[in-house]
Structure formats: structure tokens, C-alpha cells
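Residues per chain are reported as follows:
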Amino acid sequence: MNEWPLVTFTLFVQSSVGVTIFTALYFCWLEKDIGNQRATVAMRSALLTAAILGCLGLLASTLHMGYPWNAFHALRHISSSWLSREIIFAAVYLGALCLYTLVVLIKGHMNKSLLAVIGLLGIIDIFCMASLYYNTSILTWMHINTYFMFIGALFAAGAVIALSITAFRIKAFINNELAKKIVISALGIIFLSVTLRMAVQPSYLEWLSLVISTNDAITFPHTPIIAYNEIFGLRVSACIMSIIGILVMGYSVWKYRNAVFTSGLSMVLASSAIILIAEILNRFAFFIVK
């Protein structure tokens, strides 16, 4: 499928940023409970995963370029081009993340403030990425829905990946209250992400209908609209899977509230997988425009 490079690039980089942010959050809580050294050991796998996801996403971005070295020419137009800004902030974010990951692996000491700053750089990069697609000629992307899709995926995908890795690393020694706090925080962010994206859909559909009814066929391509209508089932499936994943994760917290990272771990991981698959389907739905 032609959408694979763009799906991989955007979703991997967004997931990387999300994992970085949740790594900083979980490390902050763990450091208070078990100390810096043990917290660093527990969270370095998540940090390494964020770096790997970012690098793989950057590699995938070259697969949809006719001549990848032309990307360097875009750097000359930072004042007017969202592509230039996205490339620069992606380089700064990934460079900082990879360098910091290497330092943590060597020295065995993590700093939550530095992680938070790197996560902020990542959010700026994703904003530039969303703005790049928003300012294209593809009608179905030219709405604030694009920002909700990209920022929402950042937090939803990042949350489930960071949660899954963290759960495996700390299940043997973390107390039940902190384990429950970690799952509930991820669940709350995922719920908010999915809810906000659903809330913007009526406005998005109304805007599409208005644009179609007030513009002549010559002034904009019909292909994205046709594709959008044809993938109705894919969009609905992604929505249903997100809801199921949230409900399963919520049920795991309720049923195994005293052992969510032991007895309830399989249910937490299953719900995380469902939510992640939903994000992949959502991203395919976004990029299928013909």
C-alpha cells in the first residue's frame, strides 16, 4: 500500500514523542518511590524505545521522497515553509533524544526536567507536522481535525506503548497504589484523546459538506472526498476499537485494583494492543486519499 511510508513516519514519530512524555511522567513518580537509580533502570527501556521509534520514523520518511537529499534544500525556507520547520524540529528533537538516551545508558542517571524539555521539542515538531498537512491541497486535511488527529495519536499511542513497557519493567517491585496511578493516568489521557477527536467530527463533517456544496468541481480535487466516503467502515472500526480498548483497560483497573500489574497485566496489555491497532487504522484512514 502506498500509504505505508507516511503512516509509519507520522505514527512512529508521534509515538516516540508520546513515549518520551510518559517516560518523564512515570520516572518522576518512580523516582519519589524507589529512588533515581532504580527508577532509571526501570524506565530506560521506555526511553530507548522512544529513540528507536523516532529513528525508524525518520528512516520511513525518506521512502516517500523521490530524492531524499532534496530535503536539505527545504531548510532554506524556514520563515515560510512548514516543511522546513518540521525537518528542523524533527532533527533537534531526535538528536536531543538519541544523545540523551546514550548518556542515560552510559551513566545510569535520568533527569525528569531534561526529559520534559525533549518532550516539549517533540510536541513542537508534531505541531509543525500537522501544520504541514493542514496547509496542503488535500481537502480532507485542510481542517483543524488534522491537529486533533496528530496530537491525539501522540498521546494515545505514546501512552499505551509507555504503559506496556513500564508495566513489564516494574511489576515485580512496585506498590499497588502507584501501579494503579500509572494505569489510570494513561487511561485518562487516552480517553481524553479519543473523546476530543470524536467531538470534532460533527464540525469536520459539516465543514466538508459545506465546502463540497459551495465549490465548483474544477476548483478542488474530488478524489479525497470519494476516498473519505469509501473508507467509512475503516473509520468506524477504528472508533469502535478505541472504545473497546478504553473499556477493557478501565475494567482491568476496577477488577484488579489491588494487583493491576500482576493479575491484571494481561488485560492491560490486551487493551493497549487494541488501542494501538485503532491508532494504526485511524492513520490509514487519514492518508487514504485516492
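Note: the structure precedes this text.
Since the structure is predicted, the reported quantities are computational estimates derived from the model, not experimental observations.

A. Main features of the environment of Met249. Tracing the backbone through its elements, the reader meets Met249 in helix α8 (residues 232-255). Here Met249 falls in the buried class, since its relative accessible area comes to 0%. Each C-alpha atom, one on Met249 and one on Ala273, is 11 Å from the other, the two residues being 24 residues apart in sequence. Filtering out sequence-adjacent residues up to four positions away, Met249 remains in contact with Leu163, Val183, Leu187, Ile190, Val268, Ser271, Ser272 and Ile275.

B. Summary view of the packing of aromatic side chains. Counted by the stated rule, this structure contains 17 aromatic pairs. Look at Tyr26 and Trp29: their rings are 6.0 Å apart centre to centre, the planes differ by 40 degrees, and that puts the pair in the tilted class. Of this pair, Tyr26 and Trp29 both sit in helix α1 (residues 4-34), 3 residues apart, which is roughly one turn of that helix. With respect to burial, Tyr26 and Trp29 carry one shared label: buried. Considering the side-chain rings of Trp141 and Phe287, the 5.6 Å spacing of their centres and the 85 degrees angle between planes classify their relative orientation as edge-to-face.

C. View of the side chain of Thr20. Structurally, Thr20 is set in helix α1. Overall, Thr20 belongs to the buried group, its relative accessible area being 0%. Apart from the residues within four sequence positions on either side, Thr20 is in contact with Ala50, Tyr93, Leu97, Leu115, Ile118 and Gly119.

D. Highlighting the pattern of salt bridges. Using the criterion set out here, one finds 3 salt bridges in the structure. Note that Glu177 and Lys180 form a salt bridge whose closest N and O atoms lie 3.8 Å from each other. In this pair, Glu177 and Lys180 both sit in helix α6 (residues 176-214), 3 residues apart, roughly one turn of the helix. By relative accessible area, Lys180 is classed as buried at 19%.

E. View of a nonpolar patch on the surface. Side chains of Leu48, Ile52, Leu56, Leu59 and Leu105 sit close together on the surface and give an oily, nonpolar patch of about 430 Å² of accessible area. The element best represented in the nonpolar patch is helix α2 (residues 36-61), accounting for 4 residues. Within the element layout of this structure, Leu56 appears in helix α2. Relative accessible area serves as the criterion here: at 41%, Leu56 is assigned to the partly exposed category.

Procedures and definitions
- Residues numbered from 1 in each chain as written.
- Predicted model: local features only at pLDDT ≥ 70, side-chain atom pairs only at ≥ 80, totals over all residues.
- Heavy atoms only, no water.
- Helix = DSSP H or I, 4+ residues; strand = E, 2+ residues; numbered from the N terminus.
- Buried < 20%, exposed > 50% of the residue type's maximum accessible area, 1.4 Å probe, protein only.
- Contact = heavy atoms within 4.5 Å.
- Phe/Tyr/Trp six-rings, centres within 6.5 Å; stacked < 30°, edge-to-face > 60°.
- Salt bridge = Lys/Arg side-chain N within 4 Å of Asp/Glu carboxyl O.
- Patch = residues over 30% accessible without salt bridge, like charges linked within 9 Å, V, L, I, M, F, W, Y side chains within 5 Å.
- Areas by Shrake-Rupley, 256 points an atom, 1.4 Å probe, with all protein chains shown as cover.

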